[in-house]
Amino acid sequence: TPLHVVRTPGELDRALRAEQDADLVLLDSMGRSPQHREGIADLQPFLQRLPNAEVHLVVSATTKGSDVEEILQRFRLLAYQHVAISKLDEARSPGPVLGLALQRDLSISYLTTGQEVPDDLESATSRRLATLLLPSIRERRPQRSPRA
C-alpha cells in the first residue's frame, strides 16, 4: 500500500490525485491533545478537502471518564461520525469510553486489542461490545440443539 506523508492541505491534494484510482484511502492524523484547540482546528482544512470522508475519533480505553468526556466534546469540531477504541489490552476496564460513547449514541466502529495493528484491529460488533461491558458473557456461538 502506498504511503504519503502530507503536512499541508496542498500536499494532501497531490497525494489524493496520485491515488485517484484507489478503492480506499486511509488518512491518519498525528495525535492531537484536546487541550490544544488550535491543533484540533488545524485538521479542519484537511477534512474540508474530503467532503465524503468517514471520520473516526480514536480514544484510548485507558482514558479516565472525565477526560473521555472532554475529548469527545473538543473533537466535535471535526464532525467525527464514529469512535474507535484503542488499547483494550492495556485497560483494566473500557467502561468510561464505552459508557460515554453509548450515552451519546455514537457509533463504535473498531477496537484495538494489541500492539500488532492491523492484526489486532477488529470490528466493534454488538457481541464483542457486550462482552466488554459484561465480562461474564463469553464470546461463543449459540449452542445448537442436537439433530434427531
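Residues numbered from 1 in each chain as written. Predicted model: local features only at pLDDT ≥ 70, side-chain atom pairs only at ≥ 80, totals over all residues. Heavy atoms only, no water.

Draft legend 1. Spatial organisation of unusual backbone geometry. At Lys87, a position not held by glycine, the phi torsion is positive, near 60°. Residue class for Lys87 comes out partly exposed when judged on its relative accessible area of 38%. One non-glycine residue, Asp105, adopts positive backbone phi at about 55°. Tracing the chain through its elements places Asp105 in the loop between helix H5 (95-103) and strand E3 (107-112). Judged by its relative accessible area of 72%, Asp105 is exposed. (Buried < 20%, exposed > 50% of the residue type's maximum accessible area, 1.4 Å probe, protein only. Helix = DSSP H or I, 4+ residues; strand = E, 2+ residues; numbered from the N terminus.)

Draft legend 2. Representation of the nonpolar core. Counting 26 residues, the largest nonpolar core has Leu72, Tyr80, Ile85, Ile108 and Leu111 as the members making the most contacts within it. Elements that contribute at least two residues to this core include exactly strand E1 (56-60), helix H4 (65-74), strand E2 (82-86), H5, E3 and helix H6 (126-133). With four residues, the single largest contributor to this core is H5. Residues within four places of Leu72 in sequence aside, it is in contact with Leu57, Tyr80, Val83, Leu100, Ala101, Arg104 and Leu106. (Core = buried A, V, L, I, M, F, W, Y, C linked by side-chain atoms within 4.5 Å. Contact = heavy atoms within 4.5 Å.)

Draft legend 3. Region of the structure containing the environment of Ser60. Positionally, Ser60 belongs in strand E1. For Ser60, a relative accessible area of 15% gives the class buried. Between the C-alpha atom of Ser60 and that of Arg32, which follows or precedes it by 28 residues, the distance is 13 Å. Setting aside anything within four residues of it in sequence, one finds Ser60 in contact with Ser86, Lys87 and Val97. Of note is the side chain of Ser60, whose polar atom sits 2.6 Å from the side chain of Thr62. (Polar contact = N/O pair within 3.5 Å; in protein donor to acceptor, adjacent residues only side chain to side chain.)

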